[in-house]
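# Geometric and topological summary
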Amino acid sequence: MKAKITGTIASLLLAINTLFWAIFLFSFTLLKIVLPIPAVRKVITAILNWIAESWIHGNSGWMHLTQKMDWSIERPSNLDKKGWYFVISNHQSWVDILVLQHPLNGRIPLLKFFLKQELIKVPIMGAAWWALDFPFMKRYSKEYLEKHPEKRGQDIETTKKACEKFKYLPTSVMNFLEGTRFTPNKHRGQKSPYKYLLKPKAGGMAFAMSAMGDQFKSLLNVTIYYPQGIPTFWDFLQGKMEKCEVVIHEIDIPQELRQGDYNEDEQYRLDFQQWVQDLWLEKDALLETLHNKQ
């Protein structure tokens, strides 16, 4: 009963925090639509980012009030609020988003997630993500492209256009390289070579690099570990997630991988994939260490 009461209170605080800031967010979004002047839009975008960061601060506040969670956070001490970062992480639960935002908010620019096109339909949040210039991705299957070859390459152009918007204000581009949340069934179905991870997809990250690779200060490689097992969002709201470990490593992006044609240059594609696979091997080894520590 206590857990359900905690979950109800946390849900209400999350809803109140979201609706409160949504009023300001959508007010400025309307201005952004009706005032299509680049200089004005740049200022409005900065205000929208501040609103989103304030929402995240509010979330950290109600989490502190309702969750008796032991946070273990390892992060670089020299993160730059005015720098550009590419951020990657393992993905296990919707809780990951709040977990990522909590230790990074205010230390780097607002995280802009790669999102599936379908998520734009999510009530309130879908419109908010659109207003904040989150990149919505529409992936086409191999079978679909065989029937509609004219669509080939459109997903790449969508990524590039989305990232072009990030050149003018410091931004943290966030990508869950696995593309979906980890489950044992997905892990078995993929025959993943990693013990705690699904296979990473390097394409979206490479396309972002081709659009603005020279601007990124570095890569932030985030590893999230839930010692008590992967929580559902309701588990989290109820305070059943008593411990969370977050390890953030800052990694230099190899100069030769900052620019390239992932689709047409085979050597660049192979080198980029190898770099990502090496990052994933290190992440898998770290997760093994964290598991063994329990």
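It is worth spelling out the overall build of the chain at this point. The secondary structure content of the chain amounts to ten helices and eight strands. Here the chain has a C-alpha radius of gyration of 19 Å; the compact-globule value for 294 residues is 19 Å, and the two agree. For the chain, the proportion of its 294 residues judged to be buried stands at 49%. Of the contacts formed within the chain by residues at least 6 apart in sequence, a portion of 75% connects residues at least 24 apart. With the model as given, the accessible surface of the chain reaches about 15100 Å², and the carbon-plus-sulfur share is 58%. On the chain, the mean spot of the 37 positive side-chain charges and the mean spot of the 30 negative ones are 8 Å from each other.

By the criterion of burial, strand E2 (residues 85-89) is predominantly enclosed, with five of the five residues buried. Of the two faces of E2, both are covered, the one formed by Tyr85, Val87 and Ser89 as well as the one formed by Phe86 and Ile88.

Here is a general trend for soluble globular proteins: nonpolar side chains tend to be buried in one another's company. Counting residues in each nonpolar core, the largest one holds 45 residues, and the members touching the most others are Phe113 and Phe236. Among the elements that take part in this core, helix H2 (residues 38-66) stands out by supplying eight residues, more than any other. Leave out the neighbours within four places in its chain, and Phe113 touches Ile97, Leu100, Gln101, Phe134, Pro135, Met174 and Phe176. Of all hydrophobic cores here, the second largest spans 37 residues; its members include Ile88, Ala208, Tyr225 and Leu279.

The strand order across the open sheet built from six strands is E1-E8-E7-E2-E6-E3, with neighbouring strands paired in mixed fashion. Both edges of this open sheet fall to strand E1 (70-74) and strand E3 (111-113), since each of them pairs with a single strand only. For this sheet, the mean inter-axis angle between neighbouring strands, taken without regard to orientation, is 25 degrees. Bridge count for E3 against strand E6 (residues 172-176) is three bridges, and the pairing is parallel.

On the surface, Leu30, Leu31, Ile33, Val34, Leu35, Ile120 and Trp130 cluster together to form a nonpolar patch covering roughly 610 Å² of accessible area. Sort the elements by how many residues they give to the nonpolar patch and helix H1 (residues 2-34) lands first, with four residues. Within the element layout of this structure, Trp130 appears in helix H4 (residues 125-131). Residue class for Trp130 comes out partly exposed when judged on its relative accessible area of 45%.

Here we take up the packing of aromatic side chains. For any pair of aromatic rings, geometry is given as the distance between the ring centres together with the angle between the planes. For the coordinates displayed, the defined rule picks out 13 aromatic pairs. Geometrically, the ring pair formed by Phe113 and Phe176 is tilted, given 6.0 Å between the ring centres and 35 degrees between the ring planes. Separated by 63 residues along the polypeptide, Phe113 in strand E3 and Phe176 in strand E6 bring together distant segments of the chain. Between Tyr262 and Phe272, the ring centres sit 6.2 Å apart and the planes meet at 85 degrees, which makes this aromatic pair edge-to-face. Taken as a pair, Tyr262 in the loop between strand E8 (243-251) and helix H10 (266-293) and Phe272 in helix H10 lie far apart in primary sequence, ten residues in all. Cluster of aromatic residues (ring-pair linked, three or more members): Phe207, Tyr262, Tyr268, Phe272 and Trp275.

The subject of this paragraph is the environment of Met205. On the secondary structure map, Met205 appears in helix H8 (residues 203-212). You can call Met205 buried: its relative accessible area is 0%. Distance from Met205 to Asn175, taken between C-alpha atoms, is 7.2 Å for residues 30 residues apart in sequence. Apart from residues no more than four positions distant in its own chain, Met205 is found in contact with Phe86, Ile88, Asn175, Leu177, Leu219, Phe272, Trp275 and Val276.

This part covers the pattern of salt bridges. Applying the stated criterion across every chain yields a total of six salt bridges. A salt bridge links Asp133 to Lys32, with the nearest nitrogen and oxygen atoms 3.0 Å apart. Taken together, the residues Asp133 in the loop between H4 and strand E5 (136-137) and Lys32 in helix H1 connect sequence positions 101 residues apart. Judged by relative accessible area, Asp133 falls into the buried class, the value being 14%.

A few words now on a negative patch on the surface. There is a patch of like negative charges on the surface, built from Glu256, Asp261, Glu264, Asp265, Glu266 and Asp271. Relative to the assigned elements, Glu264 resides in the loop between E8 and H10.

Looking at the chain as a whole, its pLDDT mean stands at 89, while 94% of the residues score no less than 70. Considering each helix and strand of the chain separately, the mean pLDDT is smallest for helix H5 (residues 142-147), with a value of 67, and largest for strand E7 (residues 218-225), with 97.

On to the environment of Ile97. Relative to the assigned elements, Ile97 resides in helix H3 (residues 95-104). Remark: the alpha-carbon pair of Ile97 and Met205, spanning 108 residues in sequence, is separated by 18 Å. Aside from chain neighbours lying at most four places away, what touches Ile97 is Phe113 and Phe176.

Conventions we followed
- Residues numbered from 1 in each chain as written.
- Predicted model: local features only at pLDDT ≥ 70, side-chain atom pairs only at ≥ 80, totals over all residues.
- Heavy atoms only, no water.
- Helix = DSSP H or I, 4+ residues; strand = E, 2+ residues; numbered from the N terminus.
- Rg over C-alpha atoms; globule rule 2.2 N^0.38 Å.
- Buried < 20%, exposed > 50% of the residue type's maximum accessible area, 1.4 Å probe, protein only.
- Contact = heavy atoms within 4.5 Å.
- Areas by Shrake-Rupley, 256 points an atom, 1.4 Å probe, with all protein chains shown as cover.
- Lys, Arg positive; Asp, Glu negative; His and termini not counted.
- Charge placed at Lys NZ, Arg CZ, Asp CG, Glu CD.
- Core = buried A, V, L, I, M, F, W, Y, C linked by side-chain atoms within 4.5 Å.
- Pairing = 2+ DSSP bridges.
- Axes fitted to C-alpha atoms, helices over the stretch in contact; angles between N-to-C directions.
- Patch = residues over 30% accessible without salt bridge, like charges linked within 9 Å, V, L, I, M, F, W, Y side chains within 5 Å.
- Salt bridge = Lys/Arg side-chain N within 4 Å of Asp/Glu carboxyl O.
- Phe/Tyr/Trp six-rings, centres within 6.5 Å; stacked < 30°, edge-to-face > 60°.
- pLDDT = per-residue confidence, 0-100.

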